[in-house]
Amino acid sequence: SWDKAMSAAAEFVENFPAHTEGRHLLTRVRREHDIARDTKFQRMYEEVQADVDRRSWREALEGAQKLLELYPNHARANKIRQQLKTIAQNAEIEERQEHEIRIQQLVRGRRFAEAVELAEDVMKRYPGSPQAQAVKQALIAQGVWSQYLEVGIGPDAEIFTKGQPLSAVGTG
């Protein structure tokens, strides 16, 4: 590994300070390490960009996060940081769309229990989203819509509770 190579070269220079070849070796190991690091960064960066170009948002997000974890101080890491929010938003949209398609398939297959379970998950995780609205329409079309699901679907989605109004306030 690069750490071992640099450590060994540095130890050699420390033990034999007058040996010019040792200093040259240490310089070369550092230079080669920097080249290898930059090459790996560039490869990862290009993979993230390719995922973005293919609109594979979750893969792009995973790659971008890994790249920033491995190379947080790299000179070009800020380019990825600037794109990270957009990539994350698109990854979320991608996931919601896939859930919407899966719910529609389940409803068409009359597997309502699974469709409702997945729909409830979508509504909890993404209240007010276009996919939550699409889920509602699909469930209405199949006649399995319940008004109690409304609190998790609309643009002003709420957390449903069975507690009485002001029950948490107490008596005094």
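Above: the structure in question.
Keep in mind that this is a model prediction, so the values were computed, not measured.

Student: Summarise the overall build of the chain; cite the residues concerned and give the values.
Tutor: The secondary structure content of the chain amounts to six helices and zero strands. Starting at the N terminus and ending at the C terminus, the chain contains elements arranged as α-α-α-α-α-α. Restricting the contact set of the chain to residue pairs at least 6 apart, pairs at least 24 apart contribute 51%. A total of about 11,900 Å² of accessible surface is found on the chain, and carbon and sulfur atoms cover 51% of it.

Student: Can you break down the nonpolar core residue by residue, with the values?
Tutor: Core analysis: the largest hydrophobic core is formed by 16 residues, its most contacted members being Leu67, Ile80 and Ile87. Here this core gets six residues from one element, more than from any other, and that element is helix α3 (residues 57–70). With ten residues, the next largest nonpolar core counts Val107, Ala119, Val122 and Tyr126 among its residues.

Student: Just give me the short version of the pattern of salt bridges, but keep the residues and values in it.
Tutor: For the coordinates displayed, the defined rule picks out nine salt bridges. The shortest N-O distance in the salt bridge between Asp51 and Arg54 comes to 2.2 Å. Judged by its relative accessible area of 9%, Asp51 falls in the buried class. Notably, a salt bridge pairs Glu59 with Arg54, separated by 3.9 Å at the nearest N-O pair. Several salt bridges share partner residues, and in doing so they unite Asp51, Arg54 and Glu59 into one network.

Student: Got a sec to walk through unusual backbone geometry? Specific residues and values, please.
Tutor: The phi dihedral of Arg55 is positive, around 65°, even though this residue is not glycine. Tracing the sequence through the fold places Arg55 in the loop between α2 (20–53) and α3. Looking at Arg55, the relative accessible area reads 53%, which means it is exposed. You will see that Arg110, though not glycine, has its phi angle at about 60°, which is positive. Positionally, Arg110 belongs in the loop between α4 (77–108) and α5 (112–125).

Student: Help me get a handle on the packing of helix α1 (residues 2–15) against α2, residues and values and all.
Tutor: For any two helices packed against each other, one specifies the inter-axial angle together with the distance between the axes. Orientation of α1 relative to α2, taken along the N-to-C sense of each, is 160°, at an axis distance of 8 Å. If you check the angle between α1 and α2, you find them roughly antiparallel. Judged by the twist between their axes, the crossing of α1 over α2 is left-handed. Residue-level contacts link Trp2, Ala5, Met6, Ala9, Ala10, Phe12 and Val13 of α1 to Gly22, Arg23, Leu25, Leu26, Val29, Arg30, Glu32, His33 and Ala36 of α2. Partitioned by chemical class, the residues of the contact of α1 with α2 number eleven nonpolar, two polar and three charged.

Definitions and cut-offs
Residues numbered from 1 in each chain as written. Predicted model: local features only at pLDDT ≥ 70, side-chain atom pairs only at ≥ 80, totals over all residues. Heavy atoms only, no water. Helix = DSSP H or I, 4+ residues; strand = E, 2+ residues; numbered from the N terminus. Contact = heavy atoms within 4.5 Å. Areas by Shrake-Rupley, 256 points an atom, 1.4 Å probe, with all protein chains shown as cover. Core = buried A, V, L, I, M, F, W, Y, C linked by side-chain atoms within 4.5 Å. Buried < 20%, exposed > 50% of the residue type's maximum accessible area, 1.4 Å probe, protein only. Salt bridge = Lys/Arg side-chain N within 4 Å of Asp/Glu carboxyl O. Axes fitted to C-alpha atoms, helices over the stretch in contact; angles between N-to-C directions. Parallel < 35°, antiparallel > 145°, perpendicular 65-115°, else oblique. Left-handed = near helix turned anticlockwise from the far one by under 90°. Nonpolar A, V, L, I, M, F, W, Y, C, P; charged D, E, K, R; others polar.

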